[in-house]
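Overview (structure and organization)
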Amino acid sequence: MGWFGGNRRLRSRVGKLRTANPRFQQKVRSIDLYRSLLILAAFILMYLPIDFVASLGQDGTIAAHATQSITTSSGYVGSKVCAQCHQRIYDQFSRTGMGRSMTQVTPALLETLPAKASFHQKNPDRDFEVFAQDGKLYQSEYEADANGKEIFRDTHEVEWIIGSGANGFGGVVRKGDYLFQAPLSFYSKPHSWALSPGYEFGNYGFNRPILAGCIYCHSGQPRPVSNGNGRFKEPPFSEMAIGCENCHGPGITHTLKMRARKAGNVENDPSIINPAHLALALSDNICMSCHQTGDVRVLKPGKDYGDFLPGAPLENTLSILMIPPNRESPPQSDHLEHYYSMTLSQCYRKSGGRLGCTTCHDPHFEPSHEEASGYFNKKCMACHTEKSCGASLEIRRHKNPPNDCAGCHMPKRDVHVISHSSLTNHRILKQVDEPFPDAAFHQATQALPDLIHLNPIPGHKDTPPPPLTLLQAYGELMEKKPEYLGRYLALLGQLERTEPGSALVQAALGRRDLRLGKFQEAVVHLQSALRIGPPQTAAYADLAESLVRLDRAEEAIPWLEKAIELDPFNSTLQRTRVLRLIEVKRYADARAAMQRYLERFPEDSFMRQMLARADQITVPARGEHP
């Protein structure tokens, strides 16, 4: 429910107050009473689903664009409302990368994009196209035979563009209630279209879902469905690009108070968060929510990414954990490891806790390429002097750009996980080959010796995340780091005794027993997990697999169908359904499942071959009776 509950009586009262608002204002004779009532309304609204208060006019009435600027039941009003009082900051922020993080495709936008291109992928043999038509942007994937005849073609409208263009941008397509990444992205350096990040590892077609953990950092107010794996509410976004409230928190109470003729101290209004007034650790937490990935990020039970509120510890919503590096395997990636890299720099370690993200970055302003060197030089000079640099002035002047502190001490590096892209290395180096400090290899604690907890609650550095969080972390890490398997199983055994009523624990016990060949025990645990709830795709799939191993394949199919209902674009689940239907000799159903599969995944050549064989078997020869 977030900040707002569902009290029907309060909702009714505020509804009456709202519909009677003009007359009500006429009857108010006292300015103080008027202010008090508005502030009272703000208090009441904090406990209501709000679907009407997006932008109050100067006279207290609701502006025409209200419903376009607020997320239902959230308290977010949208950046356009903030702009009514903070126009200069809004205009300035709108020109930054964050302010341009996501855009809806319109005919006007298409005039600025290179909207016609083709790309060939060798393995598998696929062709892709980008084209504009009737003011809309499209992408196609298709395959042709040796004679040039198309075997299949899958075309979808690209409705949104993600990215400001600094390194490039990608496309988002919609299929029903689900959003997916488009297979081609535009890269700014080569000024061309190529495979989207991740597609070099496999052809996902138009079936790579847009997940909540990603979209919350690329848009203003997305509306993903919990555990929906790419499913979104309608409309999918209340605000396209990252906006004011992503860093300042929900603005409804602040807006109403300011409409009450700016009652109180505007600069210190506690109903809105000013990161500049926060403890540095909490201010950095806002940045870390998107600019620090670690090796694994684990949501707390019952939490979604949208539950994080600026000013609160990020740890209340999710834990960011990292495998401790060693000298033989020092930290390698700079991609979205900005905070961690900064903490390894001499500047940070010698600042006495005074250096943070906003020491150098003003989220409201982004200097141009030509301005960047001078802008960040001034930031450096707040702590250093010209004499601090060991290079002579003559050498510095011959650099391009000249005398560029960040260019030498924070060089850009290629991002290996994203082609044609680079990011600034935030480990501020005194020398290019400067080794990692000893502190980098002694960051684990006695309470958590096998992981680095990057976002502990301020003042609680030695307090590890709760066991359920660690269980999920070990479960993800053990796939690539087998040494975490033993720790995972030991912790799971502990939680079996201490938290047997957890659906997460029961599902994990079910998967453990499935892998150990204890199929009946797995069924018991998995049924318990699903009974406790909420529904879990993996638990349904594991239950179906356990039943198959017990020679109860017919009984397994309905559970597999439930998994597919939750995750309908999961090709593995869909293929498994076809296999199970064949195993129980439901051939007509299997053939229908193949057809539905190919409607959703037309790029799958193996399934096309399977369907062709099924047609040959099930269609009687000419002159014969079925």
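To be clear, the structure that these remarks concern was listed above.
Remember, it's a predicted structure, so these values are computed and weren't measured experimentally.

What about empty space enclosed by the protein?
Per the stated rule, a full pass over the model turns up one cavity of 30 Å³ or more. The space that makes up the largest cavity amounts to roughly 40 Å³. Lining the largest cavity, in full, are Arg174, Gly176, Asp177, Tyr178, Leu179, Phe232, Lys233, Glu234 and Pro236. Here the lining of the largest cavity gets four residues from one element, more than from any other, and that element is strand S11 (residues 232–239). Across the lining of the largest cavity, the residue classes break down as four nonpolar, one polar and four charged.

Some details on the sheet that holds strand S12 (residues 296–299)
Spatial strand order, S12-S13-S16: three strands in an open sheet with antiparallel pairing. Looking at which strands have only one partner, the edges of the open sheet turn out to be S12 and strand S16 (452–453). Bridge analysis of S12 against strand S13 (residues 318–322) gives four bridges, and the strand direction is antiparallel. When the bridges of S13 are listed, Arg297 appears paired with Ile320. Relative to S12, helix H17 (residues 467–477) is tilted by about 140°, and along the sheet it contacts S12 and S13.

What to know about the layout of surface pockets
A volume near 700 Å³ is recorded for the second largest pocket. Lining the second largest pocket are 35 residues, with Tyr339, Tyr348, Leu454, Pro456 and Lys461 positioned closest to its centre. Per-element tally for the lining of the second largest pocket: the top contributor is helix H10 (residues 280–291), with five residues. Among the residues forming the lining of the second largest pocket, the class breakdown is 20 nonpolar, 11 polar and four charged.

Quick look at the pattern of salt bridges
Where charged atoms from two side chains of opposite charge approach closely, those side chains can pair. Under the defined criterion, the tally for this structure stands at 25 salt bridges. Several salt bridges converge on common partners, so that one network encompasses Arg126, Glu141, Glu143 and Arg608.

Considerations on the state of the cysteines
A full pass over the atoms with the stated rule returns one disulfide. At a sulfur-sulfur separation of 2.3 Å, the disulfide partner of Cys217 is Cys290. Around the S-S axis, the bridge from Cys217 to Cys290 shows a dihedral of about -95° and counts as left-handed. Note that Cys217 is positioned in the loop between helix H7 (212–215) and strand S10 (221–224) and Cys290 in helix H10, a separation of 73 residues in sequence. Residue class for Cys217 comes out buried when judged on its relative accessible area of 19%. Of the residues examined, Cys290 reaches a relative accessible area of 24% and is grouped as partly exposed. Cys247 takes part in no disulfide bond, and the closest cysteine sulfur, belonging to Cys287, lies 6.7 Å away. With no disulfide of its own, Cys380 lies closest to Cys405 among cysteine sulfurs, the gap being 4.3 Å. For Cys380, a relative accessible area of 25% puts it in the partly exposed group.

Observations regarding the packing of helix H23 (residues 571–583) against helix H24 (residues 587–600)
Running from amino to carboxyl end, H23 crosses H24 at an angle of 165°, the nearest separation of the two axes being 8 Å. Taken together, H23 and H24 sit at an angle that is classed as roughly antiparallel. In terms of crossing hand, the pair formed by H23 and H24 is left-handed. Across the interface between the two elements, Ser571, Gln574, Arg575, Arg577, Val578, Leu581 and Ile582 of H23 pack against Tyr587, Asp589, Ala590, Ala593, Met594, Arg596, Tyr597 and Arg600 of H24. Broken down by class, the residue content of the contact of H23 with H24 amounts to eight nonpolar, two polar and five charged.

Focus on H24
Its 14 residues place the ends of H24 20 Å apart at the C-alpha level, agreeing with the 20 Å of an ideal helix rising 1.5 Å per residue. Taken together, the buried positions of H24 are Ala590, Ala593, Met594, Tyr597 and Leu598. The buried residues of H24 occupy an angular sector of 135° when projected down its axis, which confines them to one face. For H24, the exposed residues set more than 90 degrees away from the buried face come down to Ala588 and Glu599.

Focus: helix H14 (residues 369–381)
Those residues of H14 not exposed but buried are Ser373, Tyr375 and Asn377. The secondary structure elements touched by the buried residues of H14 are helix H13 (357–360) and helix H16 (405–409).

Brief notes about the packing of aromatic side chains
Applying the stated rule across the entire model yields 16 aromatic pairs. Measuring from centroid to centroid gives 5.4 Å for Trp160 and Phe237, while their planes differ by 70°, and the two rings are edge-to-face. In this pair, Trp160 sits in strand S5 (residues 150–162) while Phe237 sits in strand S11, placing the two residues 77 residues apart along the sequence. Relative accessible area serves as the criterion here: at 2%, Trp160 is assigned to the buried category. On the basis of relative accessible area, Phe237 is assigned to the buried category, the value being 7%.

What counts as what
Residues numbered from 1 in each chain as written. Predicted model: local features only at pLDDT ≥ 70, side-chain atom pairs only at ≥ 80, totals over all residues. Heavy atoms only, no water. 1 Å grid on protein atoms, 1.4 Å probe; cavity = no way out; pocket = protein on both sides within 12 Å on 5 of 7 lines; lining within 4 Å. Points joined across faces, edges and corners; volume = space filled by probe spheres on them. Helix = DSSP H or I, 4+ residues; strand = E, 2+ residues; numbered from the N terminus. Nonpolar A, V, L, I, M, F, W, Y, C, P; charged D, E, K, R; others polar. Pairing = 2+ DSSP bridges. Contact = heavy atoms within 4.5 Å. Axes fitted to C-alpha atoms, helices over the stretch in contact; angles between N-to-C directions. Salt bridge = Lys/Arg side-chain N within 4 Å of Asp/Glu carboxyl O. Disulfide = S-S within 2.5 Å. Buried < 20%, exposed > 50% of the residue type's maximum accessible area, 1.4 Å probe, protein only. Parallel < 35°, antiparallel > 145°, perpendicular 65-115°, else oblique. Left-handed = near helix turned anticlockwise from the far one by under 90°. Expected span 1.5 Å × (residues − 1). Arc of directions from axis to C-beta. Phe/Tyr/Trp six-rings, centres within 6.5 Å; stacked < 30°, edge-to-face > 60°.

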